[in-house]
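An overview of the molecular structure
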Amino acid sequence: MSEKLGKRERLKLPRINPPIRDPEERIADFREVYLEYDAEAAIQEASRCVECKNPPCERACPLHNHIRDWLILTAQGKFLEAAALSQSLSNMPEVCGRICPQDRLCEEACIVGAKNQPVAIGAIERFINEYAFRELGGIPMPQVAPSTGKQVAIVGAGPAGLACAEELRKMGHSVTVFEALPTPGGLLVYGIPGFKLEKRVVERRIEYLKKLGIEFICHVKVGQDLSLQDLFDQGFHAIFLGTGAQRPKNPKLPGMEFKGVHEALPFLIRNNLDEEELPPGMGRDDLRGRKVAVFGGGDTAMDCLRTSVRLQASKVVCVYRRDEENMPGSRQEVKRAKEEGVEFHFLTTPVRFSGDEEGHVRKVECLKMRLGEPDQSGRQSPIPIEGSHFEFEADFIILAFGFEGDPVPNEDGKLKLTKWGTYEVDEGKMTSWRGVFAGGDGVRGADLLVTALKDGRDAAVGIDRYLRSV
Ligand SMILES: Cc1cc2nc3c(=O)[nH]c(=O)nc-3n(C[C@H](O)[C@H](O)[C@H](O)COP(=O)(O)OP(=O)(O)OC[C@H]3O[C@@H](n4cnc5c(N)ncnc54)[C@H](O)[C@@H]3O)c2cc1C
């Protein structure tokens, strides 16, 4: 199609969205909401790319993936070549295609979007990679360089740790990943629900990494079960810390001690995983007939809201202190939540929770807000409106106010931390402890899959350079 149509005509072609399951059907299970293109639709949608000389989509992608070139290959029906190209700069393009907030990254930058809807880059990335895995019978094994005799310990099996492990292994280093939880994957498994990313997609990646020769040791919390110095003493030549930022950043409010007030991440973990993958002592919540209120406006809040809908809560409300325009998460996810029946109270903040004699939360008292001047993040700060108090009934509260760094215990103060509890690193991702590197949410604070991958890849380059110098 791109051969026949000129740039102007292509700019006018309507976007072909990937198929999506009906809200009534999808809220009855935890399967993925979006379905895959067929080959014809992928070709047509990729043909809408106008092949910019200096593609803004690639600049907006933290991995600077070769988006334009794999769109061109897709438009030519060369799906295997397109997939191979997308994999050359991303350690999990099939996951990026599913959960990257494209509407804030590549698709927001797409030139076609100036007057029309942008090219559906994420859905095409998912299609070409799933197509390739089907055709090739799995993820293709890359070349591994001859052994260097060096051993690296990766702490934390989230996307940052996994990307770093893969890159180092390909360079010929021996790699062992230590993970505190029962299964590798980090927030991709213990956080992001199956309706955005089915667990089988992550499991397939882990199997591939094992086949590549990476060793995984789960149920080990570094800093508790063994120290960073122990790892060096065991013979590891370098360490990468990909420990994430999973410590909740909740305000202290009266009534938070009532039964029925929950933190977001444990709620998502216990309701989105099979029993055998759960940390000990966790079980599902019964939300049938419950009135759920989720506080926060990011990806975590959206995931809690949509999980509550699937657990058959009678009412699910999102309470967010700014307006819809200023929500931090993906706009698509907000749209999906609305379709699934979630109600939104914008410009609202909680003041206290009140409960019954049995100590169970029953009501929330809130205050209305207005927006003032932009803050450091560039978003308008919310300002309370005096005398605007109001109450509503809720008997299951989920706090999703965000996360901060949760670093490994700092042995002898050797690891410099920022005031946000994140690791300080230099350009090569080395911390203040020589030979210890870090990246992902543990350095940036809660961020994105794609930035964690980027950090893992950059750290692998830094570690390789370091290993060759010692
Ligand atoms: C609910 C939710 C939804 C999200 N949705 C999206 C989305 O749609 N799109 C997107 O791009 N991003 C999303 N994110 C953000 C994204 O998941 C993270 O930015 C990304 O996972 C960070 O990767 P990481 O490897 O740095 O850390 P993590 O994924 O947090 O992994 C850290 C790993 O380290 C382990 N660990 C920690 N300390 C130790 C220790 N001392 N010893 C051993 N192991 C340790 C942890 O158990 C964990 O497995 C979401 C986050 C959440 C919480």
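Residues numbered from 1 in each chain as written. Predicted model: local features only at pLDDT ≥ 70, side-chain atom pairs only at ≥ 80, totals over all residues. Heavy atoms only, no water.

Things to note about the packing of aromatic side chains
For clarity, the cut-off: In this analysis, rings of Phe, Tyr and Trp, with Trp reduced to its six-membered ring, are considered paired at centre separations within 6.5 Å, and the interplanar angle assigns stacked below 30 degrees, edge-to-face beyond 60, and tilted for intermediate values. Going along the chain from the N terminus, every DSSP run of H or I of four or more residues is numbered as a helix, and every run of E of two or more is numbered as a strand. Partly exposed residues are those whose accessible area sits between 20% and 50% of the maximum for their type, while under 20% is buried and over 50% is exposed, using a 1.4 Å probe and protein chains only. Whether a charge lies above a ring is judged from NZ of Lys or CZ of Arg, which has to be within 6 Å of the ring centre and within 35 degrees of the ring normal.
Tallied over the entire structure, the rule returns twelve aromatic pairs. Centroid distance Phe 295 to Phe 401: 6.5 Å. Interplanar angle 25 degrees. Geometry classified as stacked. Linking Phe 295 in strand E7 (residues 291–295) with Phe 401 in the loop between strand E14 (396–399) and strand E15 (403–404), this pair joins segments that are 106 residues apart in sequence. In this structure Phe 401 comes out as partly exposed when scored by relative accessible area, which is 28%. Between Phe 437 and Tyr 466 the ring centres are 5.7 Å apart and the planes differ by 65 degrees, which places this aromatic pair in the edge-to-face class. Of the two residues, Phe 437 sits in strand E16 (residues 436–438) while Tyr 466 sits in helix H17 (residues 449–469), which places them 29 residues apart along the sequence. Phe 437 sits in the buried class, given a relative accessible area of 1%. A relative accessible area of 12% means that Tyr 466 is categorised as buried. Grouping aromatic residues by their ring pairs yields a cluster made of Phe 79, Phe 127 and Tyr 131. Here the guanidinium or amino end of Arg 205 rests over the ring plane of Tyr 208, the centre of that ring lying 5.3 Å away.

Re the sheet that holds E16
Definition in use: In this scheme, strands are said to pair when DSSP sees at least two bridges between them. Angles shown run from 0 to 180 degrees and are taken between the N-to-C directions of axes, each axis being a line fitted to C-alpha atoms and, for helices, limited to the stretch in contact.
The strand order across the open sheet formed by five strands is E3-E2-E1-E4-E16, and the pairing between neighbours is parallel. Taken across any chain shown, the strands that pair with only one partner, and hence form the sheet edges, are strand E3 (215–217) and E16. Adjacent strand axes in the sheet meet at a mean angle of 20 degrees when their direction is disregarded. By the bridge criterion, three bridges tie strand E2 (residues 174–178) to E3 in an arrangement that is parallel. Each residue of the ladder has a partner; that of Thr 176, found in E3, is Glu 215.

Concerning the pattern of salt bridges
We apply this condition: Salt bridge criterion: a side-chain nitrogen from Lys or Arg within 4 Å of a carboxyl oxygen from Asp or Glu.
If you walk through the whole model with that rule in mind, you get 42 salt bridges. Glu 130 is the salt-bridge partner of Arg 98, the closest N and O atoms lying 2.9 Å from each other. Of the two residues, Arg 98 sits in helix H7 (residues 93–99) while Glu 130 sits in helix H9 (residues 121–136), which places them 32 residues apart along the sequence. Like Arg 98, the residue Glu 130 is buried in the burial classification. Close ionic contact of Glu 391 with Lys 363 constitutes a salt bridge, the shortest N to O distance being 3.9 Å. Pair noted here: Glu 391 is in strand E13 (residues 390–393) and Lys 363 is in strand E11 (residues 361–374), with a separation of 28 residues, a long-range link. Residues participating in the shared-partner salt-bridge network are Arg 26, Arg 306, Arg 310, Glu 333, Arg 336, Glu 339 and Glu 340.

Some details on the site of the ligand
Selection rule: Near is defined per residue: the residue qualifies when any heavy atom it owns lies within 4 Å of the molecule or strand. For this analysis, a polar contact is any N or O atom pair within 3.5 Å, provided that within protein one partner can donate a hydrogen and the other can accept it, and provided that sequence-adjacent residues contribute only side-chain to side-chain pairs. Note that accessible areas follow from Shrake-Rupley with a 1.4 Å probe, and for residues the cover is restricted to the protein chains shown. Here the term charged refers only to Asp, Glu, Lys and Arg, the term nonpolar to Ala, Val, Leu, Ile, Met, Phe, Trp, Tyr, Cys and Pro, and the term polar to all other amino acids, Gly among them. By convention here, the domain bounds are inherited from an automatic or database domain assignment.
Lining the immediate environment of the ligand, one finds 36 residues, of which Ile 99, Glu 179, Val 222, Gln 246 and Asp 441 sit closest. Within the backbone of Gly 242, one N or O atom sits 3.4 Å away from an oxygen atom of the ligand. Protein chains bury 96% of the 1000 Å² of accessible surface belonging to the ligand in isolation. If you list the elements that add at least two residues to the shell around the ligand, you get helix H10 (159–170), helix H14 (299–310) and H17. For the shell around the ligand, the element with the most residues is H14, which contributes three residues. Looking at side-chain class alone, the shell around the ligand contains 19 nonpolar, ten polar and seven charged residues. Each of domain 2 (151–244 + 407–469) and domain 3 (250–401) gives at least three residues to the shell around the ligand.

Quick look at the nonpolar core
The tendency in soluble globular proteins is for nonpolar side chains to be buried as a group. The condition is simple: We call a set of buried residues a nonpolar core when its members are Ala, Val, Leu, Ile, Met, Phe, Trp, Tyr or Cys and they connect through side-chain atoms within 4.5 Å of each other. In what follows, residue pairs with any heavy atoms lying within 4.5 Å of each other are defined as contacts.
Core analysis: the biggest nonpolar cluster contains 81 residues, and Leu 71, Ile 154, Leu 188 and Ile 463 have the highest contact counts within it. For this core, the element with the most residues is H17, which contributes nine residues. The contacts of Ile 463, once residues within four sequence positions are left out, are Val 152, Cys 164, Leu 168, Ala 238, Phe 240 and Phe 437. Counting 25 residues, the second largest nonpolar core, distinct from the first, contains Val 294, Ala 313, Val 342 and Ala 400.

Observations regarding empty space enclosed by the protein
The condition that has to hold: A cavity here means a set of points on a 1 Å grid, drawn over the protein atoms and nothing else, where a 1.4 Å probe fits but cannot get out; a pocket is an open set with protein on both sides within 12 Å along at least five of seven lines, and a residue lines either one if it has an atom within 4 Å of a point. Grid points are joined across faces, edges and corners, and a volume is the space filled by probe spheres set on the points.
Applying the stated criterion across every chain, the model contains two cavities of 30 Å³ or more. Computed from the structure, the largest cavity encloses a volume of approximately 140 Å³. For the largest cavity, the lining is made up of 16 residues, of which Cys 61, Cys 96, Cys 100, Cys 106 and Glu 125 are closest to its centre. At the level of elements, helix H5 (67–75) and H9 are the ones that each hand at least two residues to the lining of the largest cavity. Here the residues of the lining of the largest cavity sort into eleven nonpolar, four polar and one charged. The volume enclosed by the second largest cavity comes to roughly 120 Å³. As for the second largest cavity, its lining consists of 14 residues, and the residues nearest its centre are Cys 49, Cys 52, Cys 57, Cys 110 and Ile 111. Elements that contribute at least two residues to the lining of the second largest cavity include exactly helix H4 (56–60) and H5. Partitioned by chemical class, the residues of the lining of the second largest cavity number 13 nonpolar, no polar and one charged.

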